[in-house]
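# Descriptive structure summary
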Amino acid sequence: MRAILLLACLAAGCADVWNDPYAAADRGANILYSAFTERPKHLDPVQSYTEDEARFTQQVYEPPLQYHYLKRPYELVPLTALEVPKAVEVQGGRYTVYTIRLRRGTRYQPHPAFVAENHVLAPARIARLRTPYELPAATRELTADDYIYEIKRLASPRLHSPILGLMSEYIVGLGEFAERLRKFDTRRQDWLDLRKHRLEGVEKVDDYTYRVKLKGRYPQFVYWLAMPFFAPVPWEAERFFHQPGMAEKNFTLDWWPVGTGAYMLTENNPNARMELVRNPNFRGEPYPAEGEPGDAAAGLLADAGKTMPFVERVVFSREKESIPYWNKFLQGYYDSSAIPSDTFDQAVRVSIGGEVGLTPEMEAKGIKLRTSPDITILYLGVNWLDDVVGGSAERTRKLRQAIAIAVDWEEFISIFLNGRGEVAHDPLAPGIFGQRTGREGLNPLTHVWEDGRAQRRPLEDARQLLAEAGYPNGRDAKSGAPLVLYLDTVGRGPGDKPRFDWWRRQFAKIAVQLEIRDTDWNRFQEKIRKGSQQLYILGWNADYPDPENFLFLLHGPQARAQSQGENTSNYVNAEFDALFERMKNIPNSPERQGIIDRMVEIVRRDAPWVGGFHPVSYGLTHAWMMNGKPNNMARNNLKYLRVDVDQRAALRREWNQPAVWPVLLILLALVASAVPAVMSYRRRERMAAKPA
Amino acid sequence: MLAYIVRRTLYAIPILVGINLITFALFFLVNTPDDMARMQLGVKRVTPEAIEKWKAERGYDKPLLWNAAAAGAGKLGDTIFFEKSVKLFAFDFGRAEDNRDIANEIRTRMGPSLALAVPVFLVGLAVNVTFALGMAFFRATYLDLWGVILCVAMMSISSLFYIIGGQYLISKLWHLVPISGYEGGIDAMKFLVLPVLIGVIGGIGAGSRWYRTLFLEEMGKDYVRTARAKGLAESTVMFRHVLQNALIPILTGVVVVIPLLFMGSLIVESFFGIPGLGSYTIDAIQAQDFAVVRAMVFIGSVLYIAGLLLTDISYTLVDPRVRLA
Amino acid sequence: MPVLLPTDALIWLLVLAVAAFAGYSSRRAHLAAPWARVFRSRIAAASAVVLACYLLVGLLDSLHYRPVLAAKDPAAPVAYAVEVRSLLDRVLEPLRTRLEKTYSAPLATRLYQKEQVERADGTMVREFPRLAHGGAHLEDEADWGKDVALRILAGLALAAGLWWLAVFAGRRTLARRWPEVPWGAAGAALGAILALAGPVAMLAGGYHVLGTNQVGLDVLHQALKSIRTSLVIGTLTTLVLLPLGIAAGIAAGYFRGWVDDAIQYAYTTLNSIPGVLLIAASVLMVQVYVDTNPELFPTSAQRADFRLLALCAILGVVGWTGLARLLRGEALKLSELEYIQAAHAFGVSHARVLARHILPNVAHIVIISLVLDFSGLVLAEAVLSYVGVGVDPSTTSFGTMINAARLEMAREPMVWWSLAAAFVFMFALVLAANLFADAVRDGFDPRVRV
């Protein structure tokens, strides 16, 4: 009897979905659901540098500038500042000064750090807290002091900022400041009050204005002002988190950011779930009214002028495995599925998505696909210090050019990325000033322009070049020994095999033997550091949209083996270096374009990077998520998004009807299979005694 | 009895020291502290100074096992081994390499692990015993034969197939339960149904066969023949006599597993997104987080030794003939 | 140029040792009797045939050589490729060399993803392109059904012919020599295998029977290559496990005293460390050794092979405790027996007692646990590859196939044939091994009577 009732309940509940992984109380609420695969390690703006972390920090922290959400090429617009500061040269170009003027009336999120009593809590009280937000909270207005405090934090001996070295070269007095602090900071248990120490290069003019003084010219500095490294951090937060007992509960600025942004991080469990809640004290920002041509047609300007943010809460769940992530997206439990990749020698982590276009099933569900080329380049690099393939001798140059033709990047993109990529013809990236596209952007040494598109040169050219290099048919002309080249790469696991096979095939096409030396990440980095690699694959993700951020990867003085710089191929060319010095600090102009053209020509001829590609990031979004546009520079995109909650609930219900009949069938089958057993049992009980 | 327990506990200490040494040796032969620093600091613009600072903060700038430069007891004490491993005995696990408190993590993660492991254990035990009893009851008939074949077949399928197939059929195709994730409290039920089911099904093959062997062995004994001769019904013989006596070796074999339930199943947790101790361990191995790895190894060892102790004690309790040495 | 990889050498050594032992024991009734009991069971006969087929594939794959590089210039010195191939590769040459571009379904004629294809009249259209090799012989795709059916029939006919031949030959030789063995069951198993292999062989001539993987490699070829990896892991591990387990177990049970304490300490400590961690750390250690000594491993084949060997050794070192514990219990019981005590009284040295009395009496436990462990090891390899500490990525194994399949199942539309192939092959191997192990246990263990 009870069983029948239960079944009836099940049948009645058929109108509801069973596989909803979220709390029933949240159904119908204005929540955006997303996922993260890599857990963020640091959310402190001083340290956070990876994309996984930027996803959270950039919603909370507001640096003075930001990138325009819709306009391309990427353009800086003010965020908490009033306008984009212009560089003013003083002392005949010896220093440059940026004066940043701030908006008034920006207030912080409500946070317990702003309540003075919370700075002296009893350890027992702290031990009982689950989150810091259980304490009484308050807020205050943002001032210039907070920006200055954060810049000082870059130099703090207790924190590691990856850009301290770089900024010490530019911001006046930063290096000395760091040194002074290091000597001063001997009692680690006390709070280091950076307000008491003066940093020469940063000066407060008044409560809403401050000045930064740089050595020499560095026009790319404004791009750094759009990163959380220069966002404001209130000193009260540091003081609050410094109390004894806070660190044991993982209450640190590294895990609980405090900012003025549209959202605040209220739940931080990087192994399971992170939650952003709308900041009630957000000053409100209007949705942009202009964009690219085509944005209006795509419906991206529909909310122009309305106050952001639109979504109340954003819930991120941790998904380590790709199958569950993808399937939950298809079932409608994640609103979008873009998987960022901060890792390099890994073209694709998850082969999601059938093709560049959508399958009919996905289109029927109303899923939208948006692609945008990443400002990233992944390249096959050559170690300039190697005898066989590196160096500026004509012989090795021809060998490199042969390889550049033979490695079919178009095929790589098609097989491993499902077409989500563009072949690189130069060391720049799409959207960067100086990169030419189409016919002018072609690399004439590897491609020809035919039928209105770039076609790879035939393999005969590669074989010819190989023969000229002294290796006819892949054999050394003098000794007859086959040419064996080594590709150093990172082995990520069993999924590598297809890639390795493909690489070997590329070289086999010109009869060159390829040996793959795969190691783990640490060993790989060590090889690069020592300069013992031969061929290798790495990449670079732009910090900011300026050609200097790419061309410096081939700058001689920055060679990895010598000076631990980012020039991993250790490439050196005097003309290139001289041109680099000339172009790095001048603004975009035809003159700069000319210099860059010449530099690109040198690099193509020398081929320290034998080809590469630019991954195209794709965003798959459901029909109910509006205003999604892939943006590679601005990660603070959550405030622009809007969710049609009713549409989502309806579609989810439609797609996730539980199929109860298989379960009933299985139960029936089990019961049926028990019948012969029961019958046999009955029969046996009635039988006479039988030997065991 | 008490003296025995105390003696066994004391005996466990050199074992734990040995375990510590082995884990330490294995880990540091693979990763130098430099490697660990790079792993944590990321990819872009990592300078040698940042690495030194990271190491100094965590005490990795000291020598591994023997500090010749220090004085007296410092030679042994002022080393990475002493600092990192000896504190474990006080159950002070310290912080993970990304500065999160390990003991806190373990406390929060124990719940989901147990929520998964205990049902799998109990339900699995019940199902296996029932199935094995059934096969033993119908011994030498076709039911038994097909039962054994089914068991062997199920044993031969890798657990990975069960997980992938189960997730595909039940979550994706039939929309019956969420694919992955976890929610505390009563909501946890809908997330645990599938992993528990898969855990039980995966274990039926081996478990049932083993219990069947035990039951059959028991049924070959003289007292069973006597019981039958007395005219008792087969079911009475099975349930009143065979089951109770065969349960002794079953339970004692099973007791050793109980403490390990805390550790959770590494793979199932990973696949189903259950934030338990098993996935914590796997993450730590892949991220080369030594602090977490040694803490989990230590806990696992302590639990294993506790399990062995419990097994021995339960032998004495259930079988009065056994005397503890 | 023949190449002797370390694992090859050990495998052949093991084969020779087993053959020698078989020859030795066939002449001694007390050693041959348990085996006779084993092979009297029908299930054992059938599963032995299946295992023999796997063994054949694995052994063919254990003879390696480096192929000669084709030289355009006849005067140039003979050079060898860096690549190392095996005899199995030679036999399966068509499967190995017919590569497609990317995924294709089993027996398909078209690729699994769309591409820009230029039609004969010059227009560019986006469609599923025809495969380069799979079904390329078909002029008209409508003939596919007929072609497949014909090939299957031809395969069945071939299989029937071979089977009849085998039965005929077997009846005259093997059945006469050992009449108690249920050759009928063995014949049936052989028949089933041939009935599958025949059509597959015929189909493989024109199609990719199990489809292709991401870089267009034939999945059937991958699966057949994986067999060797599983066999290596299942058998070579015992080479490490056996000496350690036997020595430790018997010493602990026989000598007792502090030897017993020390060995118990050793295996309690080892057992307490979670197996995965121990294996993971050891494998990483081996990786570091390989990376820091690149001169010792010039080719990637040697690197991969070394890593496989190291994995076997590590699994052996981690796994000897089970065997040791069993042997310890048995040795404890045996050393109490009267004739052992009499031997001591006679002044027989320990070595002789161990060799002549203890060892032969524990041999049945050793053999049983060896055979039982085999399937467990094969399954463990798959799981270890998932965690990432299994075999080298360039080695094909069932674990790597399953792991790759994890990502493939996330595709839309789903790619299922790699996973299915791995499943079928692995299931057959492990099932046969389990059934055979059961029969061995029943044959050797005198107490178990159902």
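Residues numbered from 1 in each chain as written. Chains lettered and ligands numbered in written order. Predicted model: local features only at pLDDT ≥ 70, side-chain atom pairs only at ≥ 80, totals over all residues. Heavy atoms only, no water.

## Brief notes about the interface of chain B and chain A
- Opposite the 53 residues of chain B that make contact, chain A presents 63 residues.
- Here chain B packs against chain A, burying approximately 5100 Å² in sum over the two surfaces, 48% of which is carbon and sulfur.
- Of the charged contacts, one joins arginine 318 of chain A and aspartate 283 of chain B as a salt bridge, the two residues approaching to 3.7 Å between their closest N and O atoms.
- Our count for the chain B to chain A interface comes out at six residue pairs in polar contact (both at pLDDT 80 or more).
- Mapped onto the side of chain B that touches chain A, the elements with two or more residues apiece are helix 2 (33-41), helix 3 (48-58), helix 6 (102-137), helix 8 (159-173), helix 9 (188-219), helix 11 (234-255), helix 12 (266-272) and helix 13 (277-287) of chain B.
- A total of five residues in the side of chain B that touches chain A trace back to one element, the largest contributor, which is helix 2 of chain B. (Contact = heavy atoms within 4.5 Å. Buried area = accessible area lost by both parts, 1.4 Å probe. Salt bridge = Lys/Arg side-chain N within 4 Å of Asp/Glu carboxyl O. Polar contact = N/O pair within 3.5 Å; in protein donor to acceptor, adjacent residues only side chain to side chain. Helix = DSSP H or I, 4+ residues; strand = E, 2+ residues; numbered from the N terminus.)

## What to know about the nonpolar core
- Counting residues in each nonpolar core, the largest one holds 166 residues, and the members touching the most others are Ile102 of chain B together with Ile402 and Met426 of chain C.
- Ranked by residue count, the leading element in this core is helix 14 (residues 350-387) of chain C, at 17 residues.
- For this core, the domains that each give at least three residues are domain 1 (2-90) and domain 2 (112-318) of chain B.
- Setting aside residues no more than four positions away along its own chain, methionine 426 of chain C makes contact with Ser158 and Phe161 of chain B together with Val378, Leu379, Ala382, Phe398 and Ile402 of chain C.
- Counting 104 residues, the second largest nonpolar core, distinct from the first, contains Tyr108, Leu214, Leu579 and Met633 of chain A. (Core = buried A, V, L, I, M, F, W, Y, C linked by side-chain atoms within 4.5 Å. Buried < 20%, exposed > 50% of the residue type's maximum accessible area, 1.4 Å probe, protein only. Domains from an automatic or database assignment.)

## Notes on unusual backbone geometry
- The omega angle of the peptide bond from methionine 308 of chain A to proline 309 of chain A is -10°, so this bond is cis rather than trans.
- Checked against the element boundaries, proline 309 of chain A lands in the loop between strand 11 (307-308) and strand 12 (313-318).
- Even without glycine at this site, asparagine 473 of chain A takes up a positive phi of about 55°.
- Here asparagine 473 of chain A lies in the loop between helix 13 (459-468) and strand 18 (484-490).
- Residue asparagine 473 of chain A is classed as partly exposed on the basis of its relative accessible area, which comes to 39%.
- With phi around 55°, leucine 107 of chain C is a residue other than glycine that occupies positive phi space.
- If you trace the backbone, leucine 107 of chain C turns up in the loop between helix 5 (93-97) and strand 4 (115-118).
- Residue leucine 107 of chain C is classed as buried on the basis of its relative accessible area, which comes to 18%.

## What about the pairing of strand 16 (residues 447-450) of chain A?
Residues and elements named next belong to chain A.
- As judged from the four bridges shared by strand 16 and strand 17 (residues 453-456), these two strands associate in the antiparallel manner. Within the sheet, the bridge partner assigned to glutamate 450 lies in strand 17 and is arginine 453.
- Hairpin connection of strand 16 to strand 17: two residues between the antiparallel strands, including aspartate 451 at a positive phi of 55°. (Pairing = 2+ DSSP bridges.)

## Side note on the domain arrangement of chain B
Residues and elements named next belong to chain B.
- Looking at chain B, the domain boundaries give domain 1 (2-90) and domain 2 (112-318).
- Every contact between the two is made by 20 residues of domain 1 and, on the other side, 17 residues of domain 2.
- Per-residue buried area on domain 1 facing domain 2 is highest for Arg8, Phe27 and Leu88; these three make up 29% of the total on that side.
- At the boundary of domain 1 and domain 2, one finds zero residue pairs in polar contact (both at pLDDT 80 or more).
- The set of elements that each furnish at least two residues to the side of domain 1 that touches domain 2 consists of helix 1 (2-30) and helix 2.
- With twelve residues, the top contributor of residues to the side of domain 1 that touches domain 2 is helix 1.
- Classifying every residue of the side of domain 1 that touches domain 2 by side-chain character gives 14 nonpolar, four polar and two charged. (Nonpolar A, V, L, I, M, F, W, Y, C, P; charged D, E, K, R; others polar.)

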